[in-house]
Amino acid sequence: MRVLVAEDEKVLADLVASGLRSEAMAVDVAYDGLTAHERLAVHDYDVVVLDRDLPGMHGDDICGELARSASRTKVLMLTAAGSLDDRVDGLELGADDYLTKPFEYPELVARVRALARRAAPALPPVLSAKGVELDAARRRVTRDGRRIELTPKEFAVLEVLLRAQGTVVSSEQLLRQAWDEFADPFTNAVRVAMSKLRAKLGEPPVIETVPGAGYRI
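First, a word on scope: everything that follows refers to the structure included in this document. Not measured: the values here are computed from a predicted model.

## So, the pattern of salt bridges
Applying the stated rule across the entire model yields 17 salt bridges. Measuring nitrogen to oxygen at the nearest pair gives 3.4 Å for the salt bridge that ties K101 to E9. Within this pair, whereas K101 is found in the loop between β5 (97-100) and α5 (105-119), its partner E9 is found in the loop between β1 (2-6) and α1 (10-21), the two being separated by 92 residues in sequence. What makes K101 buried here is its relative accessible area of 17%. With a relative accessible area of 43%, E9 lands in the partly exposed category.

In structure tokens:
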């Protein structure tokens, strides 16, 4: 899944982004509202973790615009204002969920994952194909019952392929969904990650290369 963290407290924003990346999410960061607004216009995010009181463009305005545009991006409003009235106001603006600072990191991750499931077509909590099972909530992958340890990036690539349910996923799609905005479209990162993932999944191969198109399971 791809997430935008829009937070003007740079240390907090970077910590949240780093933590979400360790959970196999592709994460971009914006430290002000105008930058967040520009990135939301360009990229297709599953979830935006949106600080309400952003400089440049207020989080309320960003949230309202997303709601009016019927965007598929889900909004987790993150703010220090935690009164009942504040929460009601945020939800009425169009936020899908509301989390007050300070927060527990595991709760943030769980809420982001729950919103991402709502942003995408409904799929079972455990994805499986050809003996491979991926449990995103538990960060667990097995093949024919054998546990497979993957890096966050390998995990993200496998999740994208399994979510495609047998359709072809291009290298460009993988870069958009498993990497972040700084990924070089001319890099061999996808090929390298795919090679390592195939080696860990073992024989017989489960990931097929479709010449000129991409990959599928």
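## A look at the environment of Y98
Tracing the sequence through the fold places Y98 in strand β5. Judged by its relative accessible area of 7%, Y98 falls in the buried class. Considering only alpha carbons, one finds Y98 and H43, 55 residues apart in sequence, at a separation of 23 Å.

## Considering the pairing of strand β4 (residues 74-79)
The element β4 is largely enclosed, with a buried count of six among its six residues. Neither face of β4 is left uncovered, since the one carrying K74, L76 and L78 and the one carrying V75, M77 and T79 both have all their residues buried. Bridge count for strand β3 (residues 47-51) against β4 is five bridges, and the pairing is parallel. Opposite L50, over in β4, you have M77 as the bridge partner. What joins β3 to β4 is helix α3 (residues 59-68), and the crossover it makes is right-handed. As paired strands, β4 and β5 are joined by four bridges and run parallel to one another. Its bridge partner lying in β5, M77 is registered against Y98.

## Looking at helix α2 (residues 33-42)
Every buried residue of α2 is listed here: G33, A36, R39 and L40. Considered in projection along α2, the buried side chains sweep an arc of 125 degrees and stay on one side of the axis. Opposite its buried face, α2 presents the exposed residues E38, A41 and V42, each directed more than 90 degrees away. Contacts from the buried residues of α2 go to β1, β2 (26-30), β3 and α3. Its side-chain oxygen at 3.1 Å from the backbone nitrogen of L34, D32 defines the N-terminal cap of α2.

## Digging into the sheet that holds β5
By way of backbone hydrogen bonds, the strands of a sheet pair with one another, either parallel or antiparallel. Read from one edge of the open sheet, five strands run β2-β1-β3-β4-β5, paired in parallel fashion. Edge positions in the sheet fall to β2 and β5, since each of these pairs with one other strand and no more. Across the sheet, the axes of successive neighbouring strands diverge by a mean angle of 20 degrees, strand direction being ignored. This element, α1, spans β1 and β2 of the sheet and lies at about 170 degrees to β2. Taken strand by strand, α3 contacts β3 and β4, and its axis lies near 150 degrees from that of β3.

Analysis parameters
- Residues numbered from 1 in each chain as written.
- Predicted model: local features only at pLDDT ≥ 70, side-chain atom pairs only at ≥ 80, totals over all residues.
- Heavy atoms only, no water.
- Salt bridge = Lys/Arg side-chain N within 4 Å of Asp/Glu carboxyl O.
- Helix = DSSP H or I, 4+ residues; strand = E, 2+ residues; numbered from the N terminus.
- Buried < 20%, exposed > 50% of the residue type's maximum accessible area, 1.4 Å probe, protein only.
- Pairing = 2+ DSSP bridges.
- Right-handed = clockwise from strand over helix to strand, strands pointing away.
- Arc of directions from axis to C-beta.
- Contact = heavy atoms within 4.5 Å.
- Polar contact = N/O pair within 3.5 Å; in protein donor to acceptor, adjacent residues only side chain to side chain.
- Axes fitted to C-alpha atoms, helices over the stretch in contact; angles between N-to-C directions.

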